[in-house]
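Observations on the model geometry
Single-letter residue listing:
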Amino acid sequence: MGKCDISLAILGFGNVGQAFARLLLEKHEEIFERYGFNIKVAAISTGSRGSLLNSNGIHLKRALKDMSELGRFNKENPDCSVMNSMEIAKNADYDVLVELTPLKIFSGQPAIEHIASAIERKKHAISANKGPIAWAYKNLKEKALEYGVKFYFETAVMDGTPVFNLVDETLKLCKVTEVRGILNSTTNFVLEELSKGKNYDDVIMEGKKRGFVEADPSMDIEGWDAAAKTAALLNVLMDANITPLDVEREGIETITVEKIKEAEKRGNTIKLVCSGKNTEGKIAASVAPREVPKGTLYASISGTTSVVSITTDLMGTISVVEHDPEIEQTAYGVFSDLIRVISNCYHNK
């Protein structure tokens, strides 16, 4: 490997992984011109659509074309490999692991082990998967410090919106005392449609057609996705060391059109609100439907838009709004973490 090469192993190659690959192709020359490094992808794994392995660099355009036309990697591709994601994490030749596998909301595995294995090999790690941050952040953070590598995860909450970076890079010596947000687009959509008097089942069906709602929406509707995001935020920003099971959780499954109309009579709208607050050294975390006064910032959050408010001792409360993100914003969060790795670990060498 040349001294100007940085090699990536990408675990997971769904919509985010493919958008990230396109971004790497688009920005390849600019990265080289600005930072002096050639970014290569040495390995890609998927759960059921094949894996690719080439320490000299996979042909990304061909990989993307195969996914688009065949729905999997072409078995005739000379880079095809039988290695699975764990084997790649533990044995492949790479500098940076990019963890993009699907979320396992009740364990964070196998993503946690993927990242831990990379770190123990003194490889940097980037994660778009909120599971490791929600379930094992403290352990992974300490392990990264022990082995002298970087572990970044900007995409874990609010796609590519700079939330963790904002606190880490620009709020030096500020102590975060409270975090509050609206972080789940599915519940946003469902509550808005119910407020129009629509039937719940019809709303879910419409949401699936429009891509707002998963095939199995229960993780969103019951508040589990929001609880995982809340745990991730509090673990990083407030050193909470909690899991989603520690978040007091109430979903929107009991919210009816009648309850929404009653709230409207009081001048309010109902939103699924995530919160965490440090009171006398103890952090209380919750996810629940709350009445929010109309005309306020939180009442205006609609569709796939999300918001997080971070309260600190020195800078008061700062709110960050992400407006209707697309998959490109999620991919950019991963890309921005890669640029941080390059800037912090390689640029001055």
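I will try to describe carefully the structure that is included in this document. (Residues numbered from 1 in each chain as written. Predicted model: local features only at pLDDT ≥ 70, side-chain atom pairs only at ≥ 80, totals over all residues. Heavy atoms only, no water.)

Some thoughts on the overall build of the protein
In terms of regular secondary structure, the protein is built from 12 helices and 13 strands. Computed over its C-alpha atoms, the radius of gyration of the protein comes to 21 Å, within 12% of the 20 Å expected for a compact globule of 349 residues. For the protein, the C-alpha atoms occupy an extent of roughly 65 × 50 × 35 Å along the three principal directions. Expressed as a percentage of its 349 residues, the buried residues of the protein come to 54%. The long-range fraction of contacts in the protein, counting pairs at least 24 apart against all pairs at least 6 apart in sequence, stands at 69%. Accessible surface computed for the protein: about 16200 Å², of which carbon and sulfur atoms make up 47%. Here the protein carries 42 positive and 48 negative side-chain charges, and the mean point of each set is 1 Å from the other. (Helix = DSSP H or I, 4+ residues; strand = E, 2+ residues; numbered from the N terminus. Rg over C-alpha atoms; globule rule 2.2 N^0.38 Å. Buried < 20%, exposed > 50% of the residue type's maximum accessible area, 1.4 Å probe, protein only. Contact = heavy atoms within 4.5 Å. Areas by Shrake-Rupley, 256 points an atom, 1.4 Å probe, with all protein chains shown as cover. Lys, Arg positive; Asp, Glu negative; His and termini not counted. Charge placed at Lys NZ, Arg CZ, Asp CG, Glu CD.)

Some thoughts on the sheet that holds strand 13 (residues 316-322)
Taken in spatial order, the six strands line up as 9-11-10-8-12-13 in an open sheet, and their pairing is mixed. Two strands lie at the open edges of the sheet, namely strand 9 (248-249) and strand 13, each paired on one side alone. Pairing between strand 8 (residues 176-182) and strand 10 (residues 268-279): four bridges, direction antiparallel. Bridged to Gly 181 within strand 10 is Cys 274. Docked against the sheet, helix 7 (residues 185-195) engages strand 8 and strand 10, running at close to 145° with respect to strand 10. In the packing of helix 11 (residues 257-265) onto the sheet, contacts are made with strand 10 and strand 11 (282-293), and the angle to strand 10 comes to roughly 80°. (Pairing = 2+ DSSP bridges. Axes fitted to C-alpha atoms, helices over the stretch in contact; angles between N-to-C directions.)

Observations concerning unusual backbone geometry
Each neighbour pair has its own omega, and for Gln 109 with Pro 110 the value is 0°, a cis peptide bond. Inspection of the secondary structure assignment puts Pro 110 in the loop between strand 5 (96-99) and helix 4 (111-120). Here the phi dihedral of Asp 239 falls at roughly 55°; this positive angle occurs in a residue that is not glycine. Position of Asp 239 among the secondary structure elements: in the loop between helix 10 (224-238) and strand 9. The class for Asp 239 is exposed, based on a relative accessible area of 57%.

Describing the pattern of salt bridges
If you walk through the whole model with that rule in mind, you get 15 salt bridges. Two residues, Lys 40 and Asp 5, come together in a salt bridge whose shortest N-O distance is 3.2 Å. Placement of Lys 40 in strand 2 (residues 38-45) and of Asp 5 in strand 1 (residues 5-11) is noted, with a sequence separation of 35 residues between them. Owing to a relative accessible area of 15%, Lys 40 belongs among the buried residues under this scheme. What emerges from the salt-bridge pattern is a single network uniting Glu 193, Lys 196, Lys 198 and Glu 206. (Salt bridge = Lys/Arg side-chain N within 4 Å of Asp/Glu carboxyl O.)

Structural notes on the sheet that holds strand 1
If you walk across this open sheet you meet the seven strands as 4-3-2-1-5-6-7, and the pairing is mixed. Strand pairing shows two members of the sheet lacking a second neighbour, strand 4 (80-81) and strand 7 (151-152), which therefore form its edges. In this structure, strand 6 (residues 124-127) lies alongside strand 7, joined through two bridges in parallel fashion. Bridge pairing links Ala 125 to Phe 151 in strand 7. The sheet contacts of helix 4 involve strand 1, strand 5, strand 6 and strand 7, and relative to strand 5 the element is tilted by about 175°.

Regarding the pairing of strand 10
As paired strands, strand 10 and strand 11 are joined by 12 bridges and run antiparallel to one another. Within the sheet, the bridge partner assigned to Asn 268 lies in strand 11 and is Pro 293. Counting the residues between successive antiparallel strands, the hairpin from strand 10 to strand 11 contains two residues, one of them, Glu 280, with a positive phi of roughly 55°.

Description of the nonpolar core
One recurring pattern in soluble globular proteins is that nonpolar side chains are buried together. Core analysis: the largest hydrophobic core is formed by 69 residues, its most contacted members being Phe 151, Leu 233, Leu 237 and Val 308. Of the residues forming this core, the biggest block, 10 residues, is contributed by helix 10. With residues up to four places along the chain from it excluded, the contact list for Val 308 reads Met 158, Val 163, Val 179, Arg 180, Gly 181, Leu 183, Leu 233, Tyr 298, Ile 318, Ser 319 and Val 320. (Core = buried A, V, L, I, M, F, W, Y, C linked by side-chain atoms within 4.5 Å.)

Quick word on helix 8 (residues 200-210)
Listed in full, the buried residues belonging to helix 8 are Val 203, Ile 204 and Gly 207. One face of helix 8 carries all of its buried residues, which in axial projection span an arc of 100°. Exposed residues on helix 8 whose side chains face more than 90 degrees from its buried face are Asp 201 and Lys 209. Packed against the buried residues of helix 8 are helix 7 and helix 9 (218-221). (Arc of directions from axis to C-beta.)

All we've got here are geometric facts, nothing functional implied.
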